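Understanding the architecture of this molecule
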Amino acid sequence: MKIGIFYGSTTGITESVAYRLADLMHIDHEHLHDVARSEPSEVGDYDLLLLGSSTWGNGDLQDDWYDFLTGIEVLDLHDKHIALFGCGDQSMCDTFCNAVGTLYRRLQKTGARFCGAFEAGDYTFEHSTARVDGHLVGLLIDEVNEPEKTEHRLNYWVKLLQKELKGARAEATL
Ligand SMILES: Cc1cc2nc3c(=O)[nH]c(=O)nc-3n(C[C@H](O)[C@H](O)[C@H](O)COP(=O)(O)O)c2cc1C
């Protein structure tokens, strides 16, 4: 299974999470893509897409995602898996990691299979569009308030993905 990571990051937090995920999953850095410098067609090279955005403004996507998302949401991705991750700040408790919810909602029509849903228990926010039916639709990281939890969250999420995708074609190490 070929894995690509696509991320948008303004101050480098989501970028650093993307690199940490790549290292945990043994993904070569050539498969890490900053969406600010990538073409939507590049997602075609992969079976599993890890898509990461921080949240800015009042629950908005990270700036570089706007054009990239417009480009990929019209693609047919039914043969791919998508796993979402994002960085935010739980003190913005009504819009925590809403960008992850936006990616989830807007990519539904691609037909991709979503994986990597995460437990909502260990967080303190009130509202997030990334929480759907009591679960988080991806990995949410809060480096502002809970940096000490990041390593565990990353490790736990990667194990969840491995479990979920077990049985899927294994070309790259997951
Ligand atoms: C002006 C501003 C607005 C923000 N708005 C939100 C928000 O609505 N929800 C959220 O979860 N985090 C919000 N954040 C926090 C950022 O998402 C957080 O700092 C994140 O780690 C930045 O990641 P990046 O450097 O990869 O862009 C905001 C931060 C700033 C400075």
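Residues numbered from 1 in each chain as written. Predicted model: local features only at pLDDT ≥ 70, side-chain atom pairs only at ≥ 80, totals over all residues.

1. Re the confidence of the model for the protein chain
Mean pLDDT over the protein chain works out to 95, with 95% of the residues at or above the 70 mark. Taken over the whole predicted complex, pTM reads 0.96, whereas the ipTM for its chain interfaces reads 0.99. (pLDDT = per-residue confidence, 0-100.)

2. Observations regarding the site of the ligand
In the region of the ligand, 22 residues are neighbours, and S9, T11, T14, S54 and G88 sit closest. For the shell around the ligand, the elements supplying multiple residues, two or more each, are helix 1 (13-24) and strand 3 (48-56). Considering only residue class, the shell around the ligand consists of 7 nonpolar, 13 polar and 2 charged. (Near = placed C-beta within 6 Å. Helix = DSSP H or I, 4+ residues; strand = E, 2+ residues; numbered from the N terminus. Nonpolar A, V, L, I, M, F, W, Y, C, P; charged D, E, K, R; others polar.)

3. Focus: the nonpolar core
If you look at the biggest cluster of nonpolar residues, it comprises 48 residues, and the most contacted ones within it are L49, L50, L84, V100, L103 and L140. Looking at this core, the element that brings in the most residues is strand 5 (residues 81-87), giving 5 residues. Those residues in contact with L49 that lie beyond four places of it in its chain are G4, F6, V43, K80 and I82. (Core = buried A, V, L, I, M, F, W, Y, C linked by C-beta atoms within 7 Å. Buried ≥ 20, exposed ≤ 12 C-beta atoms within 10 Å, placed from the backbone. Contact = placed C-beta atoms within 7 Å.)

4. Some thoughts on the UniProt feature "domain: Flavodoxin-like" (unreviewed entry) in the protein chain
The positions that UniProt labels "domain: Flavodoxin-like" (unreviewed entry) are, in the present scheme, residues 3-162. Segment residues 3-162 splits into 26% helix and 25% strand. End C-alpha atoms: 12 Å apart. (UniProt positions renumbered as here; feature names shortened; annotations may be inferred.)

5. Some details on the environment of A83
With respect to the secondary-structure elements, A83 resides in strand 5. Between the alpha carbons of A83 and A112 there is a distance of 9.9 Å; along the sequence they are 29 residues apart. Those residues in contact with A83 that lie beyond four places of it in its chain are L48, L50, C115, G116, G138 and L161.

6. Regarding the sheet that holds strand 7 (residues 118-119)
Taking strand neighbours across the sheet as the criterion, the 3 strands line up as 7-9-8 in an open arrangement whose pairing is antiparallel. A single partner strand is all that each edge strand has here, and the edge strands are strand 7 and strand 8 (131-132). Alignment of strand 7 against strand 9 (residues 135-136), held across 2 bridges, turns out to be antiparallel. Across the sheet, residue E119 finds its bridge partner in strand 9, namely H135. (Pairing = 2+ DSSP bridges.)

7. Quick look at unusual backbone geometry
Most peptide bonds adopt trans geometry, and most residues besides glycine take a negative phi value. The phi angle at H26 is positive, at roughly 60°, despite the residue not being glycine. You can see H26 is positioned in the loop between helix 1 and strand 2 (32-34). A tally of 10 C-beta atoms within 10 Å means that H26 is categorised as exposed. Backbone geometry places D133, a non-glycine residue, at a positive phi of 50°. With respect to the element layout, D133 can be found in the loop between strand 8 and strand 9.

8. Focus on the packing of helix 1 against helix 4 (residues 150-165)
Viewed as axis vectors pointing N to C, helix 1 and helix 4 meet at an angle of 50°, and their least axial separation amounts to 11 Å. Here helix 1 lies oblique to helix 4, going by the angle between them. You can see that helix 1 and helix 4 cross each other, and the crossing is right-handed. Contacts between helix 1 and helix 4 involve R20, L21 and L24 from the first element and L154, N155 and V158 from the second. (Axes fitted to C-alpha atoms, helices over the stretch in contact; angles between N-to-C directions. Parallel < 35°, antiparallel > 145°, perpendicular 65-115°, else oblique. Left-handed = near helix turned anticlockwise from the far one by under 90°.)

9. A few points about the environment of L139
One can find L139 in strand 10 (residues 138-141). Residue classification places L139 among the buried residues on the basis of 28 C-beta atoms within 10 Å. Separated by 18 residues in sequence, L139 and W157 have C-alpha atoms that sit 6.8 Å apart.

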